[in-house]
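Here's the letter readout for the chains.
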Amino acid sequence: MQYIDNIIFLILLVAGFGLFAKSLLKIYRNIRLGHEINRSDRKSERWSTMARVAMGQSKMVKRPVAGILHLFVYVGFVIINIELIEIIVDGLFGTHRFLSILGHDFYNFFTATLEVLALLVVIGVVVFFIRRNFYGVKRLTMKELFGWPKHDANWILIIEFALMMAFFKMNAADFVLQQRGLLPEHGSFPISSAILGPIFVNFGDGTLFFTEKAAWWFHFVGILFFMNYLYYSKHLHIILAFPSTWYANLEKKGKFNNLDSVTKEIKLMMDPNADPYAAPAEGSEADTPSKFGAEDIFDLNQVQLLNAYSCTECGRCTSVCPANITGKQLSPRLILMKTRDRLEEVGKNIDKNGKFVDDGKKLLNDYITKEELWACTTCNACTDACPVLLDPLSIIFEMRRFLVMEQSAAPQELNLMMTNVENNAAPWQYNQADRLNWASEN
């Protein structure tokens, strides 16, 4: 029976990481529902971008207060979870503070650093909770965040706060027991000993041992719970921000992609020596897509679907969107959230049926409306503002392309302009021969 704790620990560890791996595989499968896109060019620039933006948080600090607090939470929470290595070894083999084998001075420095970082995390999550719920930041109180998105954000902050409190309780109880000579002296705990030490000195030895062990188990189980909660949460970006920034579009923001099949056709039309009746070159028909643009998630590329999963719902994109600011329906944040919702619905359909069975729904109209799509000015402010280089505009652009090239469903003003371009080689409705008439007018 002396190994019952170790066996329970092993079961929880395997179950927790197993479920987490299962969730990641499901996300990977869903992302692969999109078509492939080659983003393997300029590798050194991509590694540099990922290091600077995802790891270095360079775009977050453009709003200094939120950026610095986010840096506290991000760096603190990630580094503190290095302690999970020690927890795993202690839990499996029954040791106590295994990493103390690295040396007395180093371990003291290590544990003291974790305590300072934990305090910064607590400060960060408390300020974020107040800011999100009581301060009234417009992008955090918009209607699109009502319901689960708002609850999810709060649950993340509450879970992180609870984990840090368990961390402090574990260390404070350990510190007092060490002072009483009941545990070997390993580690330095400046924060927990100062805050909770004066309270815990009044506890009996048995209560302290129970408190230390209960906080240790809570911290461990809490980490496993939080890790598996990520699949259902916007906090998934702490993992997916890295591939999202690596696969980001590195072209200039004003450059849109052109379809090769259309480009070849235009070149053929403009070539005076081309024979319009000649048979197409061998293999050229394979270059023509089966569908122009995107009607559903299957028509988007894998990076766009990765973007949908990576969105942190911070709303920086929406807060700078001129269409949204002027009261239009469009919200770039909501474009990504709706794409993710549709992607998740398709994933559940596949889980249930073994393959996708047509459910009569599409991303276009059932999730994202034409009014939202045509409200976009394609100014690229949203992609520039995103702290992890997501590109909601590319989704809007592909869905517009479908409306124009597959359904001829552009607004009347655009249809008139495109007719003029086709007939007059200019957006204006007059003959090419009359273009210079304005120069001779008095």
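In this text, all values refer to a predicted model and were calculated from it rather than measured experimentally.

The rules behind these values
- Residues numbered from 1 in each chain as written.
- Predicted model: local features only at pLDDT ≥ 70, side-chain atom pairs only at ≥ 80, totals over all residues.
- Heavy atoms only, no water.
- Helix = DSSP H or I, 4+ residues; strand = E, 2+ residues; numbered from the N terminus.
- UniProt positions renumbered as here; feature names shortened; annotations may be inferred.
- Salt bridge = Lys/Arg side-chain N within 4 Å of Asp/Glu carboxyl O.
- Buried < 20%, exposed > 50% of the residue type's maximum accessible area, 1.4 Å probe, protein only.
- Domains from an automatic or database assignment.

Side note on unusual backbone geometry
Move 1: The phi dihedral of L389 is positive, around 65°, even though this residue is not glycine.
Move 2: When you line up the elements, L389 lands in the loop between α18 (381-385) and α19 (392-405).
Move 3: Backbone geometry at S408 places phi at a positive 50°, although glycine is not the residue there.

Points about the UniProt feature "transmembrane region" (unreviewed entry) in the protein
Move 1: In the numbering used here, UniProt assigns the feature "transmembrane region" (unreviewed entry) to residues 6-25, 65-89, 109-130, 151-168 and 214-232.
Move 2: Each end of residues 65-89 is marked by a C-alpha atom, and these two atoms are 38 Å apart; helix forms 92% of the span and strand 0%.
Move 3: Taken as a whole, residues 151-168 contains 100% helix and 0% strand, while its terminal C-alpha atoms sit 26 Å from one another.

Points about the pattern of salt bridges
Move 1: Taken as a whole and assessed by the stated rule, the structure comprises 17 salt bridges.
Move 2: Among the salt bridges present, the one from K26 reaches D351, with a minimum N-O distance of 3.4 Å. Of this pair, K26 sits in helix α1 (residues 4-31) while D351 is found in helix α15 (residues 332-353), placing the two residues 325 residues apart along the sequence.
Move 3: Between R42 and E251 there is a salt bridge; the shortest N-O distance is 3.8 Å. Taken together, the residues R42 in the loop between α1 and α2 (43-55) and E251 in the loop between α10 (237-246) and α11 (260-270) connect sequence positions 209 residues apart.
Move 4: With a relative accessible area of 36%, R42 lands in the partly exposed category.
Move 5: Judged by its relative accessible area of 36%, E251 is partly exposed.
Move 6: Here the salt bridges share partners, and the residues they tie into one network are D296, R342, E345, D359 and K361.

Focus on the domain arrangement of the protein
Move 1: According to the domain assignment, the protein consists of domain 1 (3-235), domain 2 (292-406) and domain 3 (411-441).
Move 2: Here the C-alpha centre of domain 3 lies 33 Å away from the C-alpha centre of domain 2.

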